[in-house]
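So you can see what is in the structure, the chains are spelled out below.
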Amino acid sequence: EIPVPELGVGEVLVAVAGCAISRVGGHSTGTLARNPLANEISGTVVAGDEAWMGKEVLVPAMLPCGRCDICTQGHASRCLTPLQPLHQGKFPACFSSHVPVPETSLFEIRHRKKPLPLEHLAGVFDTLMMPFQALRCASLRRGDPVLVIGLPHMGPYLFQMAKAAGAGTIVALEWNYLPSQASPSHRPAPEFVIECAGKNAERIAADVKMQIEKEGL
């Protein structure tokens, strides 16, 4: 065991309910101290600002620093020097019982439907929030064709959300394509995939154009 550190200014203490292991973490090697296997948390605030006490929260793996020019200009999601409090030696990883987190980086869970366990929400950032945000930023309209770059990890979730939002044809680009990467047979998958291995940007663009014309988009 190691002692729970004192909280810094603006930090709260989160009691960890669950932690998600990302695709990158799953391939980590070495000690947990150098390569934490888990980097996304769901838990409950147990110390710090009274306004957060007792609330169920999500904690992302990357936290904006809040100090760089990009953050201070209101673009924290593009921060190039994000904080990784779980990787800074305070704790070996999210497998710890408690983790200090800047309160500005907490996401409150307001409508958890029981009996859904709190720990099952730990992977929401990777699997749901990032694809959802991508669709919002793209201003997807019903019938729009969608181009997805990269299949593993995020791709299958983005296919499902795009189809649910009314997307038209989905085109996917992948470096080394394996049919199993696209999506299980019972879920939405891209209409076609363009493999990018060994191609430069011009060749890839030409392949996309050719396929679009072939499909009559």
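This next bit is on the overall build of the protein. Check the secondary structure of the protein and you find six helices and eight strands. Beginning at the N terminus, the succession of helices and strands in the protein can be written as β-α-β-β-α-β-β-α-β-α-β-α-β-α. Burial analysis of the protein (217 residues in total) assigns 36% to the buried set. Partitioning the intrachain contacts of the protein with sequence separation of at least 6 by distance along the chain shows that 55% fall at a separation of at least 24. For the protein, the accessible area works out to roughly 13000 Å², and carbon and sulfur atoms hold 56% of it.

Counting across every chain of the model gives zero aromatic pairs. We note Lys 55 situated over the ring of Trp 52; from NZ or CZ to the ring centre the distance is 5.4 Å.

As a further point, take the confidence of the model for the protein. Confidence in the prediction for the protein averages 79 pLDDT; 80% of positions are at 70 or higher. Between the elements of the protein, mean pLDDT differs from a low of 54, seen in helix α1 (residues 23–26), to a high of 91, seen in strand β3 (residues 56–59). The model gives residues 87–92 a pLDDT under 50, and that stretch makes 19 contacts with residues more than four places away or in other chains.

Now for the pattern of salt bridges. Side chains bearing opposite charge may pair, as long as their charged atoms lie close to each other. In the structure shown here, the tally under the stated rule is six salt bridges. In this structure, Asp 144 engages Arg 141 in a salt bridge whose closest nitrogen and oxygen atoms are separated by 3.6 Å. For Arg 141, a relative accessible area of 59% corresponds to the exposed category. What emerges from the salt-bridge pattern is a single network uniting Lys 55, Glu 108 and Arg 110.

Glancing now at helix α4 (residues 155–164). When we look at burial in α4, the residues that qualify are Gly 155, Pro 156, Leu 158, Phe 159, Met 161 and Ala 162. Of the residues trailing α4, Gly 166 is marked for its positive phi of about 95 degrees.

A word on the sheet that holds strand β7 (residues 170–174). Taken together, three strands build an open sheet; the order of strands is β6-β7-β8 and the sheet is parallel. Single-partner strands in this sheet number two, and they are β6 (146–149) and β8 (192–195). Averaged over all adjacent pairs, the angle separating strand axes in this sheet is 20 degrees, with direction ignored. Taken together, the four bridges between β6 and β7 define a ladder with parallel strand orientation. Opposite Ile 149, over in β7, you have Leu 173 as the bridge partner. Against the sheet, helix α6 (residues 201–215) contacts β7 and β8, and its axis sits at roughly 160 degrees relative to β8.

Procedures and definitions
- Residues numbered from 1 in each chain as written.
- Predicted model: local features only at pLDDT ≥ 70, side-chain atom pairs only at ≥ 80, totals over all residues.
- Heavy atoms only, no water.
- Helix = DSSP H or I, 4+ residues; strand = E, 2+ residues; numbered from the N terminus.
- Buried < 20%, exposed > 50% of the residue type's maximum accessible area, 1.4 Å probe, protein only.
- Contact = heavy atoms within 4.5 Å.
- Areas by Shrake-Rupley, 256 points an atom, 1.4 Å probe, with all protein chains shown as cover.
- Phe/Tyr/Trp six-rings, centres within 6.5 Å; stacked < 30°, edge-to-face > 60°.
- Lys NZ or Arg CZ within 6 Å of the ring centre and 35° of its normal.
- pLDDT = per-residue confidence, 0-100.
- Salt bridge = Lys/Arg side-chain N within 4 Å of Asp/Glu carboxyl O.
- Pairing = 2+ DSSP bridges.
- Axes fitted to C-alpha atoms, helices over the stretch in contact; angles between N-to-C directions.

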